[in-house]
Amino acid sequence: MPALVLALLTAAPFSPAGLELHLSDCASGGVDYYFFQDGTVLTKCSGCEWWPLVQRGRWKVERDVVQVAIEHEWYGKGEGRVVEAASVDVFEDYVAVSAASTEKQSFEVERFREEPRSCERVRPHRLRPDPHGLLRLFDGDWPETAERELKAADVAGKSRATLRLMRNEIYARYGYRFHDAALTAQFKKHKAYRPHLRDVEAFLSDVERRNVVVLSEAEKKAAQ
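Each chain has its residues counted from 1, following the order in which its sequence is written. Under the rules for a predicted model, residues below a pLDDT of 70 receive no local features and side-chain atom pairs below 80 are neither given nor counted, while totals for whole chains, interfaces and linings still include all residues. Working from all heavy atoms in the structure, the side-chain values ignore hydrogens and water.

Student: Please provide a residue-by-residue account of the overall build of the protein chain, values included.
Tutor: Numbering of helices and strands runs from the N terminus, with a helix taken as a DSSP run of H or I at least four residues long and a strand as a DSSP run of E at least two residues long. In terms of helices and strands, the protein chain carries eight helices and eight strands. For the C-alpha atoms alone, the extent of the protein chain along its principal axes is close to 65 × 45 × 30 Å.

Student: Kindly report on the pattern of salt bridges, identifying the contributing residues and their values.
Tutor: When a carboxyl oxygen of Asp or Glu lies within 4 Å of a side-chain nitrogen of Lys or Arg, that pair is called a salt bridge. In this structure the tally under the stated criterion is 15 salt bridges. Between E79 and R198 there is a salt bridge, and its shortest N-O distance comes to 2.6 Å. With a gap of 119 residues between them, E79 in strand 5 (residues 65-84) and R198 in the loop between helix 7 (181-187) and helix 8 (206-223) connect regions that are remote in the sequence. Looking at R198, the relative accessible area reads 38%, which means it is partly exposed. Among the ionic contacts, a cluster of salt bridges with common partners joins E79, D93, R177 and R198. Relative accessibility decides the category of a residue: with a 1.4 Å probe and only protein chains considered, values under 20% of the type maximum give buried, values over 50% give exposed, and everything between is partly exposed.

Student: Describe the nonpolar core, with residues and values.
Tutor: By size, the foremost hydrophobic cluster in this structure holds 30 residues, and its most contacted members are F178, F187, F203, L204 and L215. Only strand 6 (90-100), helix 3 (131-135), helix 6 (160-172), helix 7 and helix 8 provide two or more residues apiece to this core. No other element matches helix 6, which puts five residues into this core. Contacts are assigned to residue pairs that have any heavy atoms within 4.5 Å of one another. Residues within four places of F178 in sequence aside, it is in contact with N168, Y171, A172, L183, T184, F187 and Y193. Ranked by size, the runner-up nonpolar core spans 16 residues in total, among them A17, L23, F35 and V109. Only buried Ala, Val, Leu, Ile, Met, Phe, Trp, Tyr and Cys residues count toward a nonpolar core, and they belong to the same one when joined by side-chain atoms within 4.5 Å.

Student: So, the side chain of S101: which residues are in play, and what are the values?
Tutor: Along the polypeptide, S101 turns up in the loop between strand 6 and strand 7 (104-108). In this structure the side chain of S101 is engaged in a polar contact, spanning 3.2 Å, whose partner is the backbone nitrogen of E103. Residues within four places of S101 in sequence aside, it is in contact with I70, E71, H72 and E73. Side-chain atoms alone can form a polar contact between residues adjacent in sequence; in general such a contact is a pair of N or O atoms within 3.5 Å, and within protein one must be able to donate a hydrogen while the other accepts it.

Student: Run through the packing of aromatic side chains, naming residues and quoting values.
Tutor: Stacked, edge-to-face and tilted labels apply to pairs of Phe, Tyr and Trp rings (six-membered ring for Trp) whose centres lie within 6.5 Å, assigned for plane angles under 30 degrees, over 60, and everything in between, in that order. The final tally for this structure, using the stated rule, is 13 aromatic pairs. The interplanar angle of 55° and the centroid separation of 5.5 Å between the aromatic rings of F14 and F112 together place this pair among those described as tilted. Taken together, the residues F14 in the loop between helix 1 (3-10) and strand 1 (19-22) and F112 in helix 2 (residues 109-113) connect sequence positions 98 residues apart. By the burial criterion, F14 is buried, and F112 matches it. Taking 5.7 Å as the distance between ring centres and 70° as the angle between the ring planes, the aromatic pair formed by F35 and F112 counts as edge-to-face. Remark: F112 occurs in helix 2 and F35 occurs in strand 2 (residues 30-35); sequence separation between them is 77 residues. One exposure class covers both F35 and F112, and it is buried. An aromatic cluster of three or more residues is present, and its members are F14, Y33, F35, W59, F107 and F112. Taking the ring centre of W51 as reference, the NZ or CZ of R194 above it sits at 4.3 Å. Placement of a positive charge over a ring is assigned whenever Lys NZ or Arg CZ falls within 6 Å of the ring centre and within 35 degrees of the normal to the ring plane.

Student: Report on the layout of surface pockets, specifying residues and quantitative values.
Tutor: In this structure, the largest pocket encloses a volume near 350 Å³. In this analysis the probe radius is 1.4 Å and the grid spacing 1 Å, with only protein atoms considered; a cavity is a set of points the probe fits into but cannot get out of, a pocket is an open set with protein on both sides within 12 Å along at least five of seven lines, and lining residues have an atom within 4 Å of a point. As for the largest pocket, its lining consists of 15 residues, of which L127, G133, L134, R136 and D139 are closest to the centre. Going through the elements one at a time, helix 3 and helix 4 (144-147) are the ones with two or more residues in the lining of the largest pocket. Along the lines of polarity and charge, the residues of the lining of the largest pocket split into seven nonpolar, one polar and seven charged. Around the second largest pocket sit 15 residues that line it, and W51, V90, F91, Y94 and R194 are the ones nearest its centre. Ten residues, namely Ala, Val, Leu, Ile, Met, Phe, Trp, Tyr, Cys and Pro, are considered nonpolar, four, namely Asp, Glu, Lys and Arg, are considered charged, and the remaining ones, Gly among them, are considered polar. In terms of residue class, the lining of the second largest pocket is built from seven nonpolar, two polar and six charged. Grid points are joined across faces, edges and corners, and a volume is the space filled by probe spheres set on the points.

Student: Give a description of the environment of E219 that names residues and reports values.
Tutor: One can find E219 in helix 8. Each C-alpha atom, one on E219 and one on V155, is 9.2 Å from the other, the two residues being 64 residues apart in sequence. Residues within four places of E219 in sequence aside, it is in contact with R160, L163, R164 and R167. Of the polar contacts made by the side chain of E219, one reaches the side chain of R167; its length is 2.4 Å.

Below, the structure is given as structure tokens:
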């Protein structure tokens, strides 16, 4: 077991902050849990009925148990006909959904201290407590549109075509399926781009929503 993980696990009192409980390699998938210092916990599911599925909640340690209470989740909801029937059906269409949740989970503290199992690992992570970061498929050419609010200097002097690409990259990061062949070709240059959602609006962060407005207004001015 890496020294950093061992140090985190043996510190008293026990805290899972900074650790990932990695379960997604088990069977046909599973949920990975990411614990943060501020009491936030994020989860990401692989092989779940809803894809993608990311959740946010709170954790606390009670006696020898880590209690997890999920408060919100973001997922892709299947619509239309089933194009592939399996243990997890594949639908012809998916839309992004954002909804409240009351799901609860608990883990024995000892589970974090045990030697790695065949499909389960405990390891440190360097993520931020941002669920949108787990939903995005790639960073893209203009990662700043997801990281901070754009300023006038960020759009000044850019062509209408570039501004359009910047705006649509915000949607492409979440797997939006474009009807424009040129946009599809542009974003397929990123290997992680997977166009499977016909609507990703529910996945956008507040910063991204504001940047869409800034870029749209800049596009209109560039077109004049």
